[in-house]
Amino acid sequence: MPLETVNLALFSLINATPHASSLSIHVATFIAQDLLYILALLLAFLWCQGNKAMKERALKAVVITAIGLSISFFISTLFYHPRPFAMPIGQNYLAHAANGSFPSDHMLIFSTVAFSYLFSGRKITGSILLCLAWCVAWSRVYLGVHFPFDMIGAFIFAFLLNWVGYRIWQHYGIYLFKITLNIYYYVLGYFVSKGFIR
């Protein structure tokens, strides 16, 4: 069976029906959109209030994610795959531009941060983030803006990014961390000295 056929079949199983309840749509929309802001606030909090080890883990997660998103942009541009609503198939409950669907940036962000913490030995944090990543994956397929393979591709890509990134970070990450920390203390030194942030 062709992969595209499998992709479409899985999409039809997960995508919300025309009779989906408003509660399920609202919950899925919160997961698909707002959970990302909570993750960003969490990383910012860990950087501003955490010790040096916490700051370094947060920075590593952000740097690897930024690299991943840059590569993802070129992948989706060079190997364009339309979103479900652009084909059009299924039900769409979330407004979105009709750009390339593969890989999913939201899934990439959550998976990359999750793997970053797992590779750093933070198994509980990484496992929770992986669970959230798959919740995000479900929600965006459910709402009709992605296909299941967009999520699987992003997940695999995130693992490979961290597998390579972890080894590079061990050699060069400490230098980037020191530079970033010096800039942080230079710009926000007043607030650090007052104890508002660390």
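What counts and what doesn't
- Residues numbered from 1 in each chain as written.
- Predicted model: local features only at pLDDT ≥ 70, side-chain atom pairs only at ≥ 80, totals over all residues.
- Heavy atoms only, no water.
- Helix = DSSP H or I, 4+ residues; strand = E, 2+ residues; numbered from the N terminus.
- Buried < 20%, exposed > 50% of the residue type's maximum accessible area, 1.4 Å probe, protein only.
- Lys, Arg positive; Asp, Glu negative; His and termini not counted.
- Salt bridge = Lys/Arg side-chain N within 4 Å of Asp/Glu carboxyl O.
- Contact = heavy atoms within 4.5 Å.
- Axes fitted to C-alpha atoms, helices over the stretch in contact; angles between N-to-C directions.
- Left-handed = near helix turned anticlockwise from the far one by under 90°.
- Nonpolar A, V, L, I, M, F, W, Y, C, P; charged D, E, K, R; others polar.
- Phe/Tyr/Trp six-rings, centres within 6.5 Å; stacked < 30°, edge-to-face > 60°.
- Expected span 1.5 Å × (residues − 1).
- Polar contact = N/O pair within 3.5 Å; in protein donor to acceptor, adjacent residues only side chain to side chain.

### Describing the side chain of Arg83
Its place among the elements puts Arg83 in the loop between helix H3 (52-78) and helix H4 (105-119). Although Arg83 lies buried, it forms no salt bridge, and the closest oppositely charged side chain, Asp150, sits 5.9 Å away as judged by the N-O distance. If we ignore the near neighbours within four places in the chain, the residues touching Arg83 are His96, Ala97, Asn99, Gly100, Ser101, Val145, His146 and Phe147.

### Here we look at the packing of H3 against H4
At a minimum axis distance of 9 Å, the contact between H3 and H4 shows a crossing angle of 145°. Handedness of the H3/H4 crossing: right-handed. Facing Arg57, Ala58, Lys60, Ala61, Ile64, Thr65, Gly68, Leu69 and Ser72 of H3, the residues of H4 in contact are Asp105, Leu108, Ile109, Thr112, Val113, Ser116 and Tyr117. Residues of the contact of H3 with H4, tallied by class, amount to 8 nonpolar, 5 polar and 3 charged.

### With respect to the packing of aromatic side chains
Under the criterion given, the structure shown has 13 aromatic pairs. Consider the rings of Phe115 and Phe155, whose centres lie 5.2 Å apart with planes at 55°: the pair is tilted. Here Phe115, found in helix H4, pairs with Phe155, found in helix H6 (residues 148-193); they are 40 residues apart in sequence, far enough to count as distant. Overall, the relative accessible area of 23% leaves Phe155 in the partly exposed class. Note on Phe119 and Tyr166: the rings are 5.9 Å apart at their centroids and 50° apart in plane angle, and the pair reads as tilted.

### Some words on unusual backbone geometry
Cis geometry is adopted by the peptide bond preceding Pro88, which originates at Met87 and carries an omega value of -15°. Looking at where Pro88 falls in the secondary structure, it is placed in the loop between H3 and H4.

### What to know about H4
Taking 1.5 Å as the rise per residue, H4 with 15 residues should run 21 Å; its terminal C-alpha atoms sit 20 Å apart, in good agreement. Within H4 the residues assigned to the buried category are His106, Met107, Leu108, Ile109, Phe110, Ser111, Thr112, Val113, Ala114, Phe115, Ser116 and Tyr117. The inward-facing, buried residues of H4 abut helix H2 (22-49), H3, helix H5 (123-142) and H6. At the N-terminal end of H4, a side-chain oxygen is found 3.5 Å from the backbone nitrogen of His106, two or three residues along, and the residue is Ser104. Of the residues trailing H4, Gly121 is marked for its positive phi of about 90°.

Just distances and angles here, no functional claims.
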